[in-house]
Amino acid sequence: MEPIRVGIIGVGNVLNQYLDKIGVHPDVAVVALADVNAEAVRKRAAEYDVPKALTPDELLADEEVELVLNLTPPKLHAPVTLQAIAAGKHVLSEKPFATSLEEARQILAAAREAGVKVGSAPTTFLGSGMQTSRKLIDDGWIGTPVAAFASFACRGYEHWHPNVDPFYSPGVGPMLDIGPYLITNLVNFFGPVSRVSATTPRSSGTRPRPGKDGEVIRIQTPTHVTGTIDFESGAAATVIVSWDIWNHNLPHLEVYGTGGSLAAPNPDHFSGAPVLRRGEPGDLALDMTPPGGGDWRETPITHRDDAYRGIGLAEFGYAIRNGVEPRTGGDFAYHVLEVLLAFEASSEQGKHIDIESTCVRPRPLPSVGPQEPYRFD
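These numbers were taken from a predicted model, which means no experiment stands behind them. (Residues numbered from 1 in each chain as written. Predicted model: local features only at pLDDT ≥ 70, side-chain atom pairs only at ≥ 80, totals over all residues. Heavy atoms only, no water.)

## A word on the UniProt feature "domain: GFO/IDH/MocA-like oxidoreductase" (unreviewed entry) in the chain
Okay, step 1: Those places that UniProt annotates as "domain: GFO/IDH/MocA-like oxidoreductase" (unreviewed entry) correspond, in this numbering, to residues 131–262.
Okay, step 2: Annotated as residues 131–262, this span is 19% helix and 34% strand, and its ends, taken at the C-alpha atoms, are 13 Å apart. (UniProt positions renumbered as here; feature names shortened; annotations may be inferred. Helix = DSSP H or I, 4+ residues; strand = E, 2+ residues; numbered from the N terminus.)

## As for the nonpolar core
Okay, step 1: Within the largest apolar cluster, 110 residues are counted, with the highest numbers of intra-cluster contacts made by L33, I183, L186, I229, V239 and F343.
Okay, step 2: Top element by residues in this core is helix α10 (residues 330–349). It accounts for ten residues.
Okay, step 3: Beyond its immediate stretch of four places on either side in the chain, I229 contacts I183, L186, V193, R195, V196, A235, A236, A237, V239, V339 and F343. (Core = buried A, V, L, I, M, F, W, Y, C linked by side-chain atoms within 4.5 Å. Buried < 20%, exposed > 50% of the residue type's maximum accessible area, 1.4 Å probe, protein only. Contact = heavy atoms within 4.5 Å.)

## Quick word on the sheet that holds strand β14 (residues 260–263)
Okay, step 1: What the nine strands build is an open sheet, ordered β16-β15-β14-β13-β7-β12-β11-β8-β17; its pairing is mixed. The open sheet has two edge strands, β16 (297–298) and β17 (353–354), and neither has a second partner.
Okay, step 2: One ladder, built from two bridges, connects strand β15 (residues 275–278) with β16; its direction is antiparallel. The partner of L276 across the bridge, within β16, is R297.
Okay, step 3: Contacts between helix α6 (residues 128–138) and the sheet are confined to β7 (145–153), β13 (253–257) and β14, with β14 contributing the most and set at about 170 degrees to the helix.
Okay, step 4: This element, α10, spans β8 (193–199), β11 (224–231), β12 (236–242) and β17 of the sheet and lies at about 40 degrees to β8. (Pairing = 2+ DSSP bridges. Axes fitted to C-alpha atoms, helices over the stretch in contact; angles between N-to-C directions.)

## As for the UniProt feature "domain: Gfo/Idh/MocA-like oxidoreductase N-terminal" (unreviewed entry) in the chain
Okay, step 1: Here, the residues flagged by UniProt with the feature "domain: Gfo/Idh/MocA-like oxidoreductase N-terminal" (unreviewed entry) are residues 4–119.
Okay, step 2: A helix fraction of 41% and a strand fraction of 22% characterise residues 4–119, whose end C-alpha atoms lie 15 Å from each other.

## Description of empty space enclosed by the protein
Okay, step 1: A complete count under the given rule lists two cavities of 30 Å³ or more for this structure.
Okay, step 2: Empty space within the largest cavity amounts to approximately 110 Å³.
Okay, step 3: Residue lining of the largest cavity: 15 residues in total, with S120, A121, T184, A333 and V336 positioned closest to the centre.
Okay, step 4: Elements with a contribution of two residues or more to the lining of the largest cavity: α8 (179–190) and α10.
Okay, step 5: Of all the elements, α10 adds the most residues to the lining of the largest cavity, at five residues.
Okay, step 6: Looking at the lining of the largest cavity, its residues break down into eleven nonpolar, three polar and one charged.
Okay, step 7: Estimates place the volume of the second largest cavity at around 60 Å³.
Okay, step 8: What lines the second largest cavity is simply L126, G127, S128, H303, R304, L365, P366, V368, Y374 and R375.
Okay, step 9: A class-by-class count of the residues in the lining of the second largest cavity yields five nonpolar, three polar and two charged. (1 Å grid on protein atoms, 1.4 Å probe; cavity = no way out; pocket = protein on both sides within 12 Å on 5 of 7 lines; lining within 4 Å. Points joined across faces, edges and corners; volume = space filled by probe spheres on them. Nonpolar A, V, L, I, M, F, W, Y, C, P; charged D, E, K, R; others polar.)

## Some details on the confidence of the model for the chain
Low pLDDT marks regions whose predicted coordinates should not be analysed in detail.
Okay, step 1: Across the chain, the average pLDDT comes to 94, with 96% of residues at or above 70.
Okay, step 2: Contacts from residues 282–291, a stretch scored under 50 in pLDDT, to residues over four places away or in other chains number 18 contacts. (pLDDT = per-residue confidence, 0-100.)

## Remarks on the environment of H159
Okay, step 1: By secondary structure assignment, the location of H159 is in the loop between β7 and α7 (173–177).
Okay, step 2: Once the C-alpha coordinates of H159 and P96 are considered, the two residues, 63 residues apart in sequence, prove to be 23 Å apart.
Okay, step 3: Apart from the residues lying within four places of it in its own chain, the contact partners of H159 are P210 and W246.

## Regarding the side chain of E94
Okay, step 1: One can find E94 in the loop between β5 (90–93) and α5 (101–114).
Okay, step 2: Despite being buried, E94 has no salt bridge partner; R309 is the closest side chain of opposite charge, sitting 4.6 Å away.
Okay, step 3: For E94, the residues in contact, after removing those within four places along its chain, are V14, Y18, N70, L71, H77, S120, A121 and R309. (Lys, Arg positive; Asp, Glu negative; His and termini not counted. Salt bridge = Lys/Arg side-chain N within 4 Å of Asp/Glu carboxyl O.)

## Let's talk about α8
Every α-helix winds through 3.6 residues per turn, so residues three or four apart in the chain are directed the same way.
Okay, step 1: The terminal C-alpha atoms of α8, which comprises twelve residues, lie 16 Å apart, in line with the 16 Å expected from a rise of 1.5 Å per residue.
Okay, step 2: Counting buried residues along α8, twelve of its twelve residues qualify, which places the element largely inside the surrounding structure.
Okay, step 3: A positive phi of about 95 degrees marks G191, the residue just after α8. (Expected span 1.5 Å × (residues − 1).)

## Brief notes about the packing of aromatic side chains
Okay, step 1: The tally for this structure, following the rule as stated, stands at ten aromatic pairs.
Okay, step 2: For the pair F270 and Y308, a centre-to-centre distance of 5.9 Å together with 70 degrees between the ring planes defines the contact as edge-to-face. Taken as a pair, F270 in the loop between β14 and β15 and Y308 in the loop between β16 and α9 (310–322) lie far apart in primary sequence, 38 residues in all.
Okay, step 3: For F270, a relative accessible area of 5% puts it in the buried group.
Okay, step 4: On the accessibility criterion, Y308 (27% relative accessible area) is partly exposed.
Okay, step 5: Centre to centre, the rings of Y374 and F376 are 6.4 Å apart; their planes meet at 10 degrees, and the pair counts as stacked. (Phe/Tyr/Trp six-rings, centres within 6.5 Å; stacked < 30°, edge-to-face > 60°.)

## Thoughts on the sheet that holds strand β4 (residues 67–70)
Okay, step 1: The sheet built from six strands is open, its strands ordered β3-β2-β1-β4-β5-β6 with parallel pairing. Where the open sheet ends on each side, the last strands, each with one partner, are β3 (52–54) and β6 (118–120). Averaged over all pairs of adjacent strands, the angle between their axes in this sheet comes to 25 degrees, without regard to strand direction.
Okay, step 2: In the sheet, strand β1 (residues 4–9) pairs with β4 via four bridges, with the strands oriented parallel. Residue V6 lies in a different strand from β4, and its bridge partner there is L67.

Given below as structure tokens:
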């Protein structure tokens, strides 16, 4: 396949997570970087040997660029994506897909009219850890999945992030910042969601700004979100996402079935081995004993294990070249966004929120060995 020619808008903190291991995906060619900060984009282009350092408008006008990777701040995701579509480019955006369903509907409508593909991160569900977990679930190692628990909790980002205020602005917060990793992987495991019920308190209206006596951060979004998800498949999940918790022993992502339990790796990572415990006799090599006996066992990885965020670009490029829907495509991204937004809506309205959209459960990736090329068929 001819490499997909990618232009990236936004050269902030997340850029290195796409480019540090881009060499494992020879079917991706990053041909241009762009940012409103001319000095920063020149420095980053030199750092990664990218031939063009441009303004965003110059990148969108560049005929060499086929696919735009949108790494701008969350509130700019929708406007920049719409500008790229208007320029005739395919677009893969960092999460969230948009900050409202109205913006997301505009993106889908514009993409259909322009005949281009759009999609959104996170793409961690394409990594070896989650693809191995998906294969174990699909192959019946825990029986029929009936429930899951997913969480991410910390005290917030102000203790390490250099520009934390946008994270506490409307349309962001922990649910739209870290929640996409949990919800995307849950939909990968279980398929589309039917309804959400949640509560979304916040511990205070301001927080002290570390190292700045007397300065505070205004909190304009829920900082603790907890709720339940019902899936069309009949399974249910409990979700906790919080920036109000100092310490905890919560698992990141566990799936419970009629025949056992699976502890998946961190859904913010691309690798890591799932841990399995069977409740019934199974493969003798795992030495399981019924009922509910045996030990938690780390499982072998079934997929190539050196993917990073560039795998999303490679998978998207394959879809463009072959005329198929990306696994991270627009309908999937819209559905995940609707679920994310439903948590706050449920809390505000005091009721279950029915999810109106649906999506196709992403196709699993073919298993390949450590020296084989990635495959996306």
